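An overview of the molecular structure
Below, each chain spelled out in residue letters.
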Amino acid sequence: MVNNFFNRRHLVVLGVMLSFTLSLGVCHTLLLAQSFPSKEMELIINFSPGGSTDMMARMVGNKASKHLGVPMVFINKPGGGGAIAANFVANAKPDGHTIGTAGASNLGTLLATGEKIPYTLKDFSGIARAAIVPMIIVAKKGRFDNFEGFVKEAKQKPGVLTFGSWGSKSTSHIVGELINQVAGMKVKHIPFEGGAKAMTAVLGGHIDVAVATIGTTQSNLRAGTLIGLAVTTQARLDDVPDVPTMKESGYPEATFSSYDGFVTSSTVPKDRLEIIISAFEKSMKDPEVQEGLKKTGMIPAFLRGPEYDSFLASNLELLRAVSTKAGIQ
Amino acid sequence: MNLLVCFIGVFIGTLTGVLPGIGSTAAMSLLLPITFTLSSTQSIIMLAGIYYGAMYGGSTTSILLNVPGEGTSMITCLDGYPMAKKGRAGPALGISAFGSFIAGTFSVAMLMILGPLLANIALSFGPPENVSLTFLGLTMVTYLGSGSMVKSLMMAAFGLLLGCIGLDIVKGTERYTLGILRLRDGLGLIPIMMGLFGIAEVLITIETSLEKREIFKTRAKELFPTKQDWKDSAGPITRGTLAGFFLGVIPGGGGMLASLMSYAIEKRISKHPEKFGTGTIEGVAGPETANNAGAGGSFIPLLTLGIPCNVVMAVLMGALMIHGISPGPLLLKEHPNLFWGVVGSMYVGNVMLLALNLPLIGLWVKVLRIPYSLLFPLIFLFCIIGSYSLNNSLWDVGVMTIFGVLGYFMKKFRYEAAPLIMALVLGPMFEVALRQSLMLSNGNPSIFFSRPISATFMTLSLFILVSPLCLKMVKKRRPGLLKGDKEF
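So, how was this worked out
- Residue numbering note: each chain is counted from 1, following its sequence as written.
- A letter from A marks each chain and a number from 1 marks each ligand, given out in the order of writing.
- For this predicted model, a pLDDT threshold of at least 70 governs which residues receive local features, and a threshold of 80 or more governs which side-chain atom pairs are given and counted, while totals over whole chains, interfaces and linings are taken from all residues.
- Labels follow the DSSP assignment, with helices taken as runs of H or I lasting at least four residues and strands as runs of E lasting at least two, numbered in each case from the N terminus.
- In this setup the radius of gyration rests on C-alpha atoms only. A globule is expected at 2.2 Å times the number of residues raised to 0.38.
- Any two residues are considered in contact once their C-beta atoms, placed from the backbone, lie within 7 Å.
- Residue burial here comes from a neighbour count, namely the number of other C-beta atoms, placed from the backbone, that lie within 10 Å of the residue's own C-beta, with 20 or more meaning buried, 12 or fewer meaning exposed, and in between meaning partly exposed.
- Any two strands with at least two DSSP-identified bridges between them are counted as paired.
- By definition, a nonpolar core groups buried Ala, Val, Leu, Ile, Met, Phe, Trp, Tyr and Cys residues that connect through C-beta atoms lying within 7 Å of each other.
- Segmentation of the chain into domains, including their bounds, is taken from an automatic or database domain assignment.
- The residue classification treats Ala, Val, Leu, Ile, Met, Phe, Trp, Tyr, Cys and Pro as nonpolar and Asp, Glu, Lys and Arg as charged. All others, Gly included, are polar.
- The span expected for a helix works out to 1.5 Å for each residue beyond the first.
- Taken from the helix axis, the directions to the C-beta atoms give the arc we talk about.

**Quick notes on the overall build of chain A**
When helices and strands are tallied, chain A shows twelve helices and eleven strands. On C-alpha atoms alone, chain A measures out to a radius of gyration of 25 Å, which is more than a quarter above the 20 Å that the 2.2 N^0.38 rule sets for 329 residues. Dimensions along the principal axes, computed over C-alpha positions, put chain A at roughly 110 × 40 × 30 Å. Across chain A, the fraction of contacts at a sequence separation of at least 24, relative to all contacts at a separation of at least 6, is 74%.

Structure follows, in structure tokens:
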């Protein structure tokens, strides 16, 4: 009979099963909330393998992975000057397992020069600044004696001398125009596809100077085929101790270096962000990581998450100001 | 130990070369972490081996399945695949393996002897020289077509237009990007190529019944090249090696330009140019040799000047820097072990690759015996995985699919894909170099003729453009004088 079929005992059993399942679900969520990260993390690198960003990401990321206790999967998503990767990270699930590289490219020049980019700085929370990438003005050996000689000739012949950058609207282009402005010169900008191509053009005598990174130029600087006219950092660099800074040459306003670091989506909860930040902090303190970064021509320069946020914001303003003044929009 | 590392490198390289789209860059980046644990010499040996192996392997799929594994293997498809269809896959693979070996050995020898000197010559190639060189390449684009000249030109024009999509190099203006972030970098060569060649070929082939006829006459007559093949290939191999090597040394020259030039030269001086495109051995021997010579040549700027001239070299440079070595003018002095270790491994690697690939020819030819109904889904699978692996994005898979369908219609109406691809590659290169040159000269076009190297190439290009017209005029006056002219 129907009543007996579905009697009290069955109800009890059903109730137990239900509550068991529910509590499993609750425990699962609680467990997840308590143990972060609970699965492998994805580090989205915004450039192709082999470049300095890629090297930095793998070095720092590998160590951070040990501190986080989960594997770190590196995924290169180049494209759009770094915008593709940044966009991906900004829109990823807010569980904190997706982080990415970001720096002067995708969160700097792209946002400063009026491009139609689907994200803003507010979509990201900084994890760490990893490195400063200093820039150096190089010329072929024998072309100029020093920076003053270059400035003198440039002023004598406005619009004749040429400088090469690693891309239109890139940090090197903007810094080049910045130097034009502060020194009162009119050196023509010739864009190249990458620092190596600009350096090749200088070596071949096709352009007069190039704004490049230490990483690209260090071997030729040491061999003497290239000479460094000035570096854009606060202090002289160990790699090239004979090259004066822009400040020493009389142009302190032209002190600007490129930078690279790690960010994640701003939707990630603060407690998880803290876990990631401390893992990266420990990774950056590792002497192996610091050595590795120096070998690729970068200066290890750790900044904690919130400080990286403010650093990104202030540099963005600076980039905006210079590019507007130079007409790079 | 070094030998073992070399072998692993070439083996993995061949594998990744054979799999379309999963090019040497992807393989090298996957294996970069392993190189951290090896010494610097061993890492470079392995990475260089991968690069070489990929060059060898890339021709395999081009010949067997009309799917170019890398940009440089595209030209091999033009005559290699028809040869496979005629049952001559074995000789095609054989000649390309031997040609690659000869080219590789030659370029290593030249690296040893003339390395630094050549590097300095390469430096004299600035933007105006690049303009002339790419202009020369563009004039030869129509040599890639074996059908109607007008249709080839249409496809080349279309390729030029497609090459415009993206950001303009000087001002960063968006062109045809439709507000899509991805299009800021343009459409991407490899997905388009895989679509137009690989996917389209499959679509066309499955139109004919799958069971009725064998797609490949696989009663392979010979597995190895015949004496006649060797005789025919001797010239192309020699010319291809020289042309490919010098073009590879020029930073940014590119393997594609090398294989294009080789194909065009062979077709031009051949006694039977109309046979090109139907499966001539010269059309395989020349380009394959050229792209391997180019690969060897591209090591020179890296090892002697520290300038990486393509993505693969950039990865190699990164790997070296991690070990604290900056490749450049001082490399030979400061790290002679590394330099000679790499040179030695290139010789050994070439031998290993030859030994690896020759016995495999029999195996590859058997692959063609797989019923097409089973083979084509595999081709699709590899193409999809390959195109995804380029940027870890489905976007490239989408581009490949669209161009696959487009390529199907192109094949139906006999429009050829090769001129399109070549123009797609050369167009942007030409434009970049042109604008840089004009910026340097303040808009004065005489810069292309006032510099000796540039002037030479420009004159050569103009000569090539104008000479058929002159020949036609001569022919009109004395009919029957010249044989072997192609009709429209």
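**As for the pairing of strand E10 (residues 258-265) of chain A**
Residues and elements named next belong to chain A. Across the eight residues of E10, eight count as buried, placing the element largely inside the fold. Looking at chain direction, strand E4 (residues 124-133) and E10 are connected through eight bridges and run antiparallel. Its bridge partner lying in E10, Val133 is registered against Ser258.

**Quick word on the nonpolar core**
Core analysis: the biggest nonpolar cluster contains 248 residues, and Val138 and Val202 of chain A together with Leu316 and Ile421 of chain B have the highest contact counts within it. For this core, the leading source of residues is helix H5 (residues 89-123) of chain B, giving 17 residues. Lining this core are residues from two domains, each supplying at least three of them: domain 1 (41-133 + 257-326) and domain 2 (135-254) of chain A. Dropping the residues within four chain positions of it, Ile421 of chain B is found in contact with Met74, Gly159, Ile192, Met193 and Leu196 of chain B.

**Thoughts on the interface of chain B and chain A**
Opposite the 44 residues of chain B that make contact, chain A presents 42 residues. Contributions of two or more residues to the side of chain B that touches chain A are made by helix H2 (24-37), helix H13 (311-322) and helix H18 (417-440) of chain B. When residues of the side of chain B that touches chain A are assigned to their parent elements, the largest contribution, six residues, is made by H13 of chain B. Partitioned by chemical class, the residues of the side of chain B that touches chain A number 24 nonpolar, 16 polar and four charged.

**So, the domain arrangement of chain A**
All names here are of chain A. Here chain A is partitioned into domain 1 (41-133 + 257-326) and domain 2 (135-254). One C-alpha centre belongs to domain 1, the other to domain 2; they are set 27 Å apart. Each partner contributes to the interface: domain 1 provides 15 residues, whereas domain 2 provides 14 residues. For the side of domain 1 that touches domain 2, the secondary structure elements donating two or more residues are helix H5 (105-112) and helix H12 (305-326). A per-element tally of the side of domain 1 that touches domain 2 places H12 first, with five residues.

**Side note on helix H10 (residues 270-285) of chain A**
Residues and elements named next belong to chain A. Here H10 contains 16 residues, and its C-alpha end-to-end distance of 22 Å stays within 8% of the 22 Å for a straight helix at 1.5 Å per residue. Taken residue by residue, H10 has Leu273, Ile276, Ile277, Ala279, Phe280, Ser283 and Met284 as its buried positions. The buried residues of H10 occupy an angular sector of 165° when projected down its axis, which confines them to one face. Facing away from the buried side of H10, by more than 90 degrees, are the exposed residues Asp271, Glu274 and Lys285.

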